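Residue-level listing of the chains:
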Amino acid sequence: MSINSYPDPALLRATVAEHGVPVLLLSCETIRSQYRSLHEALPGVELHYALKPLPHPDVVAALADEGASFDLATNGEVDVVRAAGIAPERCIHTHPIKRDGDISHALAYGCTTFVVDNPYELDKFLPYRDQAEILVRISFRSSDAVVDLSYKFGIAPDQALDLITKARDMGIKVRGLCFHVGSQSAMSYKHVEAIGFCRQLFNLAALEGIELDTLDIGGGFPVPYTEPVMPIDDFCRPIVAALERDFSGTRILAEPGRFISAPSMTLVSSVMGKSERGGTMWYYLDDGLYGSYSGKLYDHCNYQIIPLKLLEGEEPDERRPSVIAGPTCDSIDVIYEGQMLPELECGDLLVSPMMGAYTWATATEFNFFPKTKIVRVD
Amino acid sequence: MSAESLHLWLEQTWNEQQSLRLRLRSCLHESTSPFQRIAVYDSFALGRVLALGGTITLSEADEAIYAEGLVHPALRCHSAPRRVLIIGGGDGSVCREVCRYPDVESITVVEIDQTVTEIVREYFPTLGASLDDPRVDLVIDDAHRFLSTNTDCWDIIIIDADSLHSTANHVVQPVPIGSLLEQRLAQGGILVAPLGLPAFAASTCRDQLRELAQRFATAAVYQFTTPSMIGQQWAVAWCSQERVPELIEPAPACTGELEYWAPDLQASLFALPRHRQRQLGLA
């Protein structure tokens, strides 16, 4: 995937003319093509789209049409897929920490697979042991992922067998294991290593007479933001080989979120004010860290911001170091400092591609700046 | 339509560039145990083959070479091999070779998958029978866990797996399997540990050898070739604190006739070509 793919500037202008600014352009065709490319790279793996990064009904509908399954974490996400008419058998509930009401709400919908990573959480399933089935989440720390998802959740590998046998003794069905090596992994060797560890855990469980039949390899499939990443086929090839070697015949799930959603949205914002302060140009946009750029804080993500007029071919005379700030009154609301930009005028449009994951989803309405509207373009 | 006209092939992929294909006459058995896929095929070139997880681990054509190649180079160098531990070995072929030595008093076979022993008894009955020798204690367990929870010592430990690394279980124990093997080897004991096929995985072989060389006074490498690997050689580490891979005289009693190994072969097995020495970091 190229890191320089932008929607047609004419489409951006037309959408802004119709819907105003700021606006997020959502491409469901991109959602579909991302799903297909991962599906081809991981043959035989059930892809459960993780709703977290972009829990939008149109995304869910497009993926349902492609044959995707879904990964849910909250009651709100359960409600989104239920409203979309998704069969509950196509869903798993993967939040490691749940209230009783979260479990019962998912079960009432018909989603019966849950994730557990500690004995206290297991106890919550005692009343539901006739309906619910468990995946045990294993922690594999990953130092080279941008977001280390094994810091907050997951049981240490050497304690997992005790949890599995405890579940058996409580009459709770454990179907298998899951892991998350982290988001935006640079390479897939951590997945491969985790798959090998899980095989060894499957073996130890089998020696206890517990036959596990499901492995969930999580997410971590990378997308290019400001740097190119390994093509998804190349990234997945070692994973496929490891699964073929160790888990032929086992049901394999994955939980892609970012990979499917990140390239699907493009943000267009505008300059709502400018100032020259201490020799540096400051541009105040109508979207910022409290809004669609929230992922810069929460997701440790850097997005490209390009003046639309440059995409339209305008050659600037000169560029100056500039600060790009958000619209709120909080001084933390600065997106970039030291950006080399041509002189911008109030009302000029700025474009950020790759704004589908953890952007709109984590935006707030601080200062009553409403969340940026999503407009579906295909 | 006969199987022959269907051109059934078993393909084993070694890496992204190389694979081996074996033409099959028929499939005799296919199942999935809780641990792996298990299949028995009748092949044109190698006779009956046992495939675990899609990889050939035993064939009628080369099981004697492989089993003799793991057993005799060690047992013939030990003055009194009484207690023998076989890691893996559920197919019984290595056990059969050890059973040839009447002075061996106990043979412990640690196999993770009981189904393998059952399938072998059905399709390779002469091999399976060795596991019924009264000296044999068949333990169904993970080898790494077995070694970490056991305090016995053995005169001979033979790893019957494609490599030492593949028997390690990182979940069970933070103690490396190499360290456990060192602890479980009796005074004067010998460890035999396959490193793999250097032609396909030189760095893996080298890494394992380096680890063993740090633990054992002697960590020698020998090689043998099996027909199923079509000319590629297995590299095997021969490790001991006290002994060297030279034959003991008088030779310990050994019954029956061997197909592959002979005393005059011993020294030549340990003679490595230059490129192999370089691959393994020995030159």
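How each quantity is defined
Sequence order as written defines the numbering, with residues in each chain counted from 1. Working convention: letters from A go to chains and numbers from 1 go to ligands, in the order in which they are written. Local features in a predicted model are, by the rule used here, given only for residues with pLDDT of at least 70; side-chain atom pairs are given and counted only at 80 or more, and totals for whole chains, interfaces and linings are based on all residues. Computation of side-chain values: all heavy atoms of the structure, hydrogens and water removed. The domain limits used here are those given by an automatic or database domain assignment. Residue contacts are counted whenever heavy atoms from the two residues lie within 4.5 Å of one another. Basic side-chain nitrogens of Lys or Arg form a salt bridge, by our definition, when they fall within 4 Å of a carboxyl oxygen of Asp or Glu. Two joining distances apply to patches: 9 Å for like charges and 5 Å for nonpolar side chains (Val, Leu, Ile, Met, Phe, Trp, Tyr), and every residue must have over 30% relative accessible area and no salt bridge. Computed with the Shrake-Rupley method and a 1.4 Å probe, the accessible areas treat only the protein chains shown as cover for residues. Charge assignment in this entry is limited to Lys and Arg as positive and Asp and Glu as negative, and neither His nor the chain termini are counted. By convention, charge coordinates are those of NZ in Lys, CZ in Arg, CG in Asp, or CD in Glu. Counting from the N terminus, the helices are the DSSP runs of H or I reaching at least four residues and the strands are the DSSP runs of E reaching at least two. Per-residue accessibility, obtained with a 1.4 Å probe over protein chains only, is compared with the maximum for each type, and a residue is labelled buried under 20%, exposed over 50%, and partly exposed between these values. Strand pairing is defined by DSSP finding a minimum of two bridges between the two strands. Look down the strands so they point away from you; if the path from the first strand over the helix to the second goes clockwise, the crossover is right-handed. The term buried area denotes the loss of accessible surface (1.4 Å probe radius) that occurs when two parts are joined, taken as the sum for both partners. By the criterion applied in these results, polar contacts are pairs of N or O atoms within 3.5 Å in which, for protein atoms, one can donate a hydrogen and the other can accept it, and in which residues neighboring in sequence qualify only through two side-chain atoms. A fitted line through C-alpha atoms represents every axis, and for helices the fit uses only the stretch in contact; the resulting angles, taken between N-to-C directions, go from 0 to 180 degrees. Crossings are classed by handedness, with left-handed meaning an anticlockwise turn of the near helix from the far one by less than a right angle and right-handed meaning a clockwise turn. Under the grouping applied here, Gly and all other residues not named as nonpolar or charged are polar, the nonpolar ones being Ala, Val, Leu, Ile, Met, Phe, Trp, Tyr, Cys and Pro and the charged ones Asp, Glu, Lys and Arg. Pairing of aromatic rings covers Phe, Tyr and Trp, the last counted by its six-membered ring, and requires centre-to-centre distances within 6.5 Å; plane angles under 30 degrees mean stacked, over 60 mean edge-to-face, and any other angle means tilted. Charges are assigned to positions over rings by a cutoff of 6 Å between ring centre and Lys NZ or Arg CZ, combined with an angular limit of 35 degrees from the ring normal. The set of buried Ala, Val, Leu, Ile, Met, Phe, Trp, Tyr and Cys residues whose side-chain atoms join them within 4.5 Å is what this entry labels a nonpolar core.

Once that is clear, we can look at the domain arrangement of chain A. Residues and elements named next belong to chain A. Split into domains, chain A comes out as domain 1 (55–256) and domain 2 (262–376). Between the C-alpha centres of domain 1 and domain 2 the distance comes to 35 Å. In this assembly, 9 residues from domain 1 lie in contact with 14 residues from domain 2. Applying the counting criterion to the domain 1 and domain 2 interface returns 1 salt bridge.

Another point: a negative patch on the surface. Residues Glu314(A), Glu315(A), Asp317(A) and Glu318(A) make up a contiguous surface patch of negative charge. Residue placement: Asp317(A) occurs in the loop between helix 12 (308–311) and strand 13 (320–325).

What follows is about the pairing of strand 7 (residues 173–179) of chain A. All names here are of chain A. In terms of residue burial, strand 7 counts as a mostly covered element, since 6 of its 7 residues are buried. Relative to strand 8 (residues 214–216), strand 7 runs parallel, the two being bridged by 3 bridges. Residue Gly176 lies in a different strand from strand 8, and its bridge partner there is Thr214. Note that the unit made of strand 7, helix 8 (residues 189–207) and strand 8 has a crossover that is right-handed.

With that settled, consider the pattern of salt bridges. All told, the structure shown has 37 salt bridges over all chains when counted by the stated rule. Glu97(B) is paired through a salt bridge with Arg96(B); the nearest N and O atoms lie 3.0 Å apart. By relative accessible area, which is 18% here, Arg96(B) ends up buried. The network of salt bridges with shared partners includes Arg32(A), Arg36(A), Asp65(A) and Glu66(A).

All names here are of chain A. Position of Pro307 among the secondary structure elements: in strand 12 (residues 306–307). In this structure Pro307 comes out as buried when scored by relative accessible area, which is 2%. Remark: the alpha-carbon pair of Pro307 and Pro342, spanning 35 residues in sequence, is separated by 8.5 Å. When neighbours within four sequence positions are excluded, Pro307 is seen to be in contact with Leu341, Pro342, Leu344, Leu349 and Leu350.

Let us now look at the interface of chain A and chain B. Every contact between the two is made by 16 residues of chain A and, on the other side, 14 residues of chain B. Carbon and sulfur atoms make up 59% of the surface buried where chain A meets chain B, a total of about 1,400 Å² over both sides. When the buried area of chain A at its contact with chain B is split by residue, Gln200(A), Leu204(A) and Leu207(A) rank highest and sum to 38% of it. Our count for the chain A to chain B interface comes out at 2 salt bridges. The tally of links between chain A and chain B comes to 4 residue pairs in polar contact (both at pLDDT 80 or more).

A few words on the packing of helix 7 (residues 157–170) of chain A against helix 8 of chain A. Residue and element names in this part refer to chain A. Axis separation between helix 7 and helix 8 bottoms out at 10 Å; the angle between their running directions is 35°. Note that helix 7 runs across helix 8; the crossing there is right-handed. Note on element contacts: helix 8 touches helix 7 through Phe197, Leu201, Leu204 and Ala205, opposite Pro157, Ala160 and Leu161. Across the contact of helix 7 with helix 8, the residue classes break down as 7 nonpolar, no polar and no charged.

Once that is clear, we can look at the packing of aromatic side chains. Under the counting rule described, the total for this entry stands at 15 aromatic pairs over all chains. Consider the rings of Tyr225(A) and Tyr303(A), whose centres lie 5.8 Å apart with planes at 85°: the pair is edge-to-face. In this pair, Tyr225(A) sits in the loop between strand 8 and helix 9 (232–246) while Tyr303(A) sits in the loop between helix 11 (295–298) and strand 12, placing the two residues 78 residues apart along the sequence. Here Tyr225(A) matches Tyr303(A) in class, with each residue buried. When the centroid spacing of 5.8 Å and the interplanar angle of 75° are considered together, the rings of Tyr66(B) and Phe224(B) count as edge-to-face. Placement of the pair is Tyr66(B) in helix 2 (residues 63–75) and Phe224(B) in strand 11 (residues 218–225), with a sequence separation of 158 residues. By relative accessible area, Phe224(B) is classed as buried at 1%. The ring of Trp9(B) is capped by Arg21(B), whose NZ or CZ atom sits 4.1 Å from the centre of that ring.

Let's shift gears to the sheet that holds strand 3 (residues 37–43) of chain B. Residues and elements named next belong to chain B. The 5 strands lie next to each other as 1-2-3-4-5, forming an open sheet whose pairing is antiparallel. Either end of the sheet is taken by a strand with one partner, and the two such strands are strand 1 (8–13) and strand 5 (55–59). For this sheet the average axis-to-axis angle between neighbouring strands, irrespective of direction, equals 50°. As judged from the 6 bridges shared by strand 1 and strand 2 (residues 19–32), these two strands associate in the antiparallel manner. In the strand pairing of strand 2, Gln12 is matched with Leu20.

Before going further, it helps to examine the nonpolar core. In this structure, Phe70(A), Leu177(A), Leu215(A), Ile217(A) and Phe221(A) are the most contacted members of the largest nonpolar core, which totals 100 residues. Each of domain 1 (55–256) and domain 2 (262–376) of chain A accounts for three or more of the residues forming this core. In contact with Phe70(A), not counting residues within four places along its chain, are His48(A), Tyr49(A), Leu51(A), Val60(A), Leu63(A), Ala64(A), Val81(A), Ile86(A), Arg90(A), Cys91(A) and Ile92(A). Listed in part, the 37 residues of the second largest apolar core include Ile86(B), Ile156(B), Trp238(B) and Leu269(B).

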